[in-house]
Amino acid sequence: MLLQGKTVIVSGVGAGLGHQVAATVVRDGGNAVLGARTEANLAKSAAEIDPDGAHTAYLPTDITDEAQCQALAALAQDRFGRIDAVVHVAAWDSYFGGLADADFGTWQQILDVNLLGTLRMTRACLPALKAHGGSVVIIGTQSAVAAPSEVQQAAYAASKGALTSAMYSMARELGPDRIRVNTVLPGWMWGPPVQAFVTFSAHSENVPEEEVLARLTQRMALPELATDGDVADAAAFLASDRARSITGQSLLVNAGELMR
């Protein structure tokens, strides 16, 4: 199994990608330590992933609070004795708009979550990761390198772009401790958020959902959208020893919509 015996912290566990990443960790033989702001979501996810609770632990965690990040890292060590990887899914992605209508106060809050929150959570894990090496996996977005035409999410894209730049510095800084730092860049990813977008667009335009979905998939080299499970599999690979010589890289998981 890809993550046999590994302990992986997953931030931002809700109904979508965070849950799928945690489920993939357990499926692949690891222990998943779940963090998110809402305890009910964490409890539900853990119960679905690991009914007997042998391979999961969770703690409500706001990544804008350094003490809460440290507490989640401490839980992983107390429960499983180590941290081998951290996968950063937590993000503020629900603010839409561009520059002309930007509320820069909100932009600052988004940067505090998406950029600084990820760095806080990473720093909280460093002592454990330095003990025997490990992996930091950042979930970014294709929007950071190619803006979508369907929606404007300039603040989200900018924050994730900054995080990708930070990845390069972290990979160089932490490499001597055998800590790898990589980013997964999903494109349109079939899961709860995109399902909601398709449903909303179909209703607003009075067209079938299949028509909206077809507009998205027609740009892909492969004839269907990547799923949150596909993105979770990529994150699990980068968290594993199979990726032991990969660091400072960004991996697009997008069914070939954008190729670089």
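Above: the structure in question.
Let me sum up the structure you'll find in this document. These figures come from a predicted structure and were not determined experimentally.

Reading the values: the criteria
Residues numbered from 1 in each chain as written. Predicted model: local features only at pLDDT ≥ 70, side-chain atom pairs only at ≥ 80, totals over all residues. Heavy atoms only, no water. Core = buried A, V, L, I, M, F, W, Y, C linked by side-chain atoms within 4.5 Å. Buried < 20%, exposed > 50% of the residue type's maximum accessible area, 1.4 Å probe, protein only. Helix = DSSP H or I, 4+ residues; strand = E, 2+ residues; numbered from the N terminus. Contact = heavy atoms within 4.5 Å. Expected span 1.5 Å × (residues − 1). Salt bridge = Lys/Arg side-chain N within 4 Å of Asp/Glu carboxyl O. Pairing = 2+ DSSP bridges. Axes fitted to C-alpha atoms, helices over the stretch in contact; angles between N-to-C directions. Parallel < 35°, antiparallel > 145°, perpendicular 65-115°, else oblique. Left-handed = near helix turned anticlockwise from the far one by under 90°. Nonpolar A, V, L, I, M, F, W, Y, C, P; charged D, E, K, R; others polar.

### Digging into the nonpolar core
Consideration 1: Formed by 32 residues in total, the largest nonpolar core has its most connected members in Leu 34, Val 87, Ile 139 and Val 184.
Consideration 2: Contributing elements (two or more residues each) for this core: strand S1 (7–11), helix H1 (17–27), strand S2 (31–36), helix H2 (39–49), strand S4 (85–88), strand S5 (134–139) and helix H8 (228–239).
Consideration 3: A total of seven residues in this core trace back to one element, the largest contributor, which is H8.
Consideration 4: In this view, Ile 139 contacts Leu 17, Val 87, His 88, Val 89, Lys 160, Val 184, Pro 186, Val 231 and Ala 235; residues no more than four positions away in its chain are not counted.
Consideration 5: Counting residues in hydrophobic clusters, the runner-up holds 30 residues, among them Ala 57, Ile 138, Ala 166 and Leu 174.

### Digging into helix H5 (residues 154–174)
Consideration 1: In this model, H5 (21 residues) spans 30 Å end to end at C-alpha, consistent with the 30 Å of a helix rising 1.5 Å per residue.
Consideration 2: Against the buried residues of H5 lie helix H4 (104–132), S5, strand S6 (179–186) and strand S9 (250–253).

### As for unusual backbone geometry
Consideration 1: Backbone geometry at Arg 178 places phi at a positive 60°, although glycine is not the residue there.
Consideration 2: For Arg 178, a relative accessible area of 67% puts it in the exposed group.
Consideration 3: One non-glycine residue, Ala 255, lies in the positive phi region at around 60°.
Consideration 4: Within the secondary structure, Ala 255 is located in the segment after S9.

### Concerning the pattern of salt bridges
Consideration 1: Counting across every chain of the model gives 10 salt bridges.
Consideration 2: With a closest N to O distance of 3.1 Å, Asp 241 and Lys 6 form a salt bridge. Of the two residues, Asp 241 sits in the loop between H8 and S9 while Lys 6 sits in the segment before S1, which places them 235 residues apart along the sequence.
Consideration 3: Overall, Asp 241 belongs to the partly exposed group, its relative accessible area being 49%.
Consideration 4: The exposure class assigned to Lys 6 is buried, which follows from its relative accessible area of 16%.

### Brief notes about the sheet that holds S9
Consideration 1: In spatial order, the strands read S3-S2-S1-S4-S5-S6-S9; together these seven strands make up an open sheet with parallel pairing. In this open sheet, the two edge strands, each paired with only one partner strand, are strand S3 (56–60) and S9. Adjacent strand axes in the sheet meet at a mean angle of 20°, parallel and antiparallel pairs treated alike.
Consideration 2: Examined bridge by bridge, S1 and S4 share four bridges and lie parallel to one another. For Val 10, the partnering residue across the bridge sits in S4 and is Val 87.
Consideration 3: The strands that H1 touches are S1, S2, S3, S4 and S5; relative to S2, the one it contacts most, it runs at about 165°.
Consideration 4: In the packing of H2 onto the sheet, the strands contacted are S2 and S3, and the crossing angle to S3 comes to about 175°.

### What about the packing of H4 against H5?
Consideration 1: Contact geometry for H4 and H5: axes closest at 8 Å, N-to-C directions at 25°. With respect to H5, the axis of H4 lies roughly parallel. Between H4 and H5 lies a crossing of right-handed hand. Here Trp 107, Ile 110, Leu 111, Asn 114, Leu 115, Thr 118, Leu 119, Thr 122 and Leu 126 of H4 lie close against H5, whose contacting residues are Ala 154, Ala 155, Tyr 156, Ala 158, Ser 159, Ala 162, Leu 163, Ala 166, Met 170 and Leu 174.
Consideration 2: Grouping the amino acids of the contact of H4 with H5 by side-chain chemistry returns 15 nonpolar, four polar and no charged.

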